[in-house]
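# Survey of secondary and tertiary structure
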Amino acid sequence: MKAIAYTQSLPINDSASLIDIELPQPTASGVDLLVKVSSIAVNPVDYKIRQNAAPEEGEYKVLGWDAVGEVVATGELVSHFTPGDKVFYAGDLNRQGSNAQYQLVDERIVGHKPKSLSDSEAAALPLTAITAWELLFERLAIKQQQPDSTTQSNEVILIVGAAGGVGSILVQLANKLTGATVIATASRESSATWVKKLGADHVIDHTKPLTAQIEQLNIGQVTHVASLTHTDSYLDSYVELLAPMGKIALIDDPKSLDISKLKLKSLSLHWEFMFTRSMFKTNDMSEQHRLLNKISDLIDQGHIQTTVGKNLGTINAKNLRAAHAELESGKSIGKIVLEGF
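Residues numbered from 1 in each chain as written. Predicted model: local features only at pLDDT ≥ 70, side-chain atom pairs only at ≥ 80, totals over all residues. Heavy atoms only, no water.

## Some words on the overall build of the protein
Definition in use: Secondary structure elements are taken from DSSP: a helix is a run of H or I of four residues or more, a strand is a run of E of two residues or more, and numbering for both begins at the N terminus. It is over C-alpha atoms that the radius of gyration is taken, and the globule rule equals 2.2 Å times the number of residues to the power 0.38. Think of it in three bands: residues with accessible area under 20% of the maximum for their type are buried, residues over 50% are exposed, and the middle band is partly exposed, with areas taken using a 1.4 Å probe on protein chains only. Only heavy atoms matter for contacts: two residues are in contact if any of them lie within 4.5 Å across the pair. Surface exposure here means Shrake-Rupley accessible area, sampled with a 1.4 Å probe, where a residue is shielded only by the protein chains that are shown. For the purpose of charge, His is not counted, nor are the chain termini; Lys and Arg are scored as positive and Asp and Glu as negative. The atom standing in for a charge is NZ when the residue is Lys, CZ when it is Arg, CG when it is Asp and CD when it is Glu.
Regarding its fold elements, the protein presents 10 helices and 15 strands. For a compact globule of 341 residues, the expected C-alpha radius of gyration is about 20 Å, and the protein comes in at 20 Å, within 12% of that figure. Out of the 341 residues belonging to the protein, those deemed buried represent 55%. Restricting the contact set of the protein to residue pairs at least 6 apart, pairs at least 24 apart contribute 71%. Split by element, the accessible area of the protein, about 14600 Å² in all, is 49% carbon and sulfur. Distance between charge centroids for the protein: 3 Å, based on 31 positive and 39 negative side chains.

Shown next as structure tokens:
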């Protein structure tokens with residue numbers, strides 16, 4: 001089968017940083033599905049692993065943690081899927097990724113693809129949707145309500161870095177499934193327009209002091225913060241802005257945080273990492289199967305839209321290098337997808 005991989009950690013402008021290769025097609029057993037991959041999306045985790053985790057000597061590392069495809073074979077313990085099913089999933093960091101024509105994936109972290117979306121539109125969603133859902137409802141414990149509810153709560157959520165992949169789905173979930181007031185941050189006109197379209201009630205500029213901008217909104221204190229980027233730079237602002245007993249959830253990788261600053265207001269800090277369930281084979285791994293099916297239903301019912309920002313064409317090393325380069329620049333809006341081999 002065709003695959004795109006790397007053998008050593010190299011800068012993305014090096015033609016050997018990602019290369020086209022051939023690998024044996026894997027075989028499904030146990031709870032695994034064998035999926036014929038049709039579309040993928042690219043995430044920051046891809047370039048972070050490429051930069052920092054070189055494979056063993058003589059080995060290839062296949063990246064990719066967002067895919068749509070067709071189930072072509074199932075292990076003997078599979079119960080949720082049959083060959084022919086169209087599926088979408090983010091996969092498992094401990095296994096080879098989706099930048100290949102065929103991939104093995106545990107059925108407990110796979111959902112049925114939304115029927116109303118194309119393969120590439122659906123590929124944009126799994127990793128960010130799982131991250132956003134877990135952050136919003138499990139880490140921040142914001143009250144969930146029906147998508148057609150008009151009930152407003154007294155919760156105010158600040159989403160910092162809202163125009164990126166996770167932010168683009170998080171804004172929608174917060175808008176549609178909670179009664180919270182949603183404040184999104186964006187630093188460019190194009191990204192501000194994007195998050196407003198996705199359902200943010202207010203948009204502020206994260207390159208300027210946050211506190212003064214939020215005070216001018218006159219909507220009361222922030223109760224929850226979804227910190228999607230540069231958490232170390234904004235921590236003092238979060239402590240100032242948050243109401244007592246407020247919550248902060250983050251997904252980035254700050255080198256250090258002085259959490260003693262959270263004590264006086266009894267603030268809590270939560271880390272969200274959507275691969276935890278698959279990496280540690282947790283007892284509730286199947287929550288991600290159920291979660292993806294909920295996302296699929298919300299999309300097919302018209303409540304949530306795909307977050308594709310750009311389609312870079314065929315799945316090959318050249319196009320994947322371009323996708324990594326754009327993500328490394330930090331200026332992409334929405335998700336980057338590729339389709340077909």
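There is more to say, and it comes next.
## Side note on the pattern of salt bridges
Operational definition: The working definition used for a salt bridge is a side-chain nitrogen of Lys or Arg within 4 Å of a carboxyl oxygen of Asp or Glu.
With the rule as written, the count across this model stands at 17 salt bridges. A salt bridge links Glu 328 to Arg 50; its shortest N-O distance comes to 2.9 Å. Of this pair, Glu 328 sits in helix H10 (residues 317–329) while Arg 50 sits in helix H1 (residues 44–52), and the two are 278 residues apart along the sequence. Linked through salt bridges whose partners overlap, the residues forming this network are Glu 134, Glu 138, Arg 139, Glu 272, Arg 277 and Asp 284.

## Quick notes on the packing of aromatic side chains
What counts here: Only rings of Phe, Tyr and Trp enter the pairing, Trp through its six-membered ring, and a pair is recorded when the two centres are within 6.5 Å. The plane angle decides the type: under 30 degrees is stacked, over 60 is edge-to-face, the rest tilted.
Tallying each qualifying case throughout the model produces 4 aromatic pairs. Aromatic pair Trp 133 and Phe 137: ring centres 5.0 Å apart, planes at 65°, arrangement edge-to-face. Of this pair, Trp 133 and Phe 137 are both found in helix H3 (residues 126–139), 4 residues apart, which corresponds to roughly one turn of the helix. Counting every residue linked through ring pairs, the aromatic cluster contains Trp 65, Phe 273 and Phe 275.

## A short note on the sheet that holds strand S12 (residues 242–250)
Condition: Pairing between two strands is assigned when DSSP locates at least 2 bridges connecting them. Orientation is described by axes fitted as lines to C-alpha atoms, over the contacting stretch for helices, and by angles from 0 to 180 degrees between their N-to-C directions.
Pairing in this open sheet of 6 strands is parallel, and the strands run S10-S9-S8-S11-S12-S13 from one edge to the other. Every interior strand has two partners, whereas the edge strands, strand S10 (202–204) and strand S13 (268–271), have only one. Pairwise comparison of adjacent strand axes, ignoring direction, gives a mean angle of 20° for this sheet. Relative to S12, strand S11 (residues 222–227) runs parallel, the two being bridged by 5 bridges. Bridge assignment links Val 225 to a residue of S12, and that residue is Ile 248. This element, H3, spans strand S8 (156–160), S11, S12 and S13 of the sheet and lies at about 150° to S12.

## Some details on the side chain of Asn 43
We count it as follows: In protein, a polar contact means a hydrogen-donor-capable atom and an acceptor-capable atom, both N or O and within 3.5 Å, with residues adjacent in sequence counting only if both atoms are side-chain atoms; elsewhere, any N or O pair within 3.5 Å suffices.
Positionally, Asn 43 belongs in the loop between strand S3 (32–42) and H1. At 2.9 Å, the side chain of Asn 43 and the side chain of Asp 66 are in polar contact. Not counting the four nearest positions on each side in its chain, Asn 43 is found in contact with Trp 65, Asp 66, Leu 127, Thr 128, Leu 327 and Lys 335.

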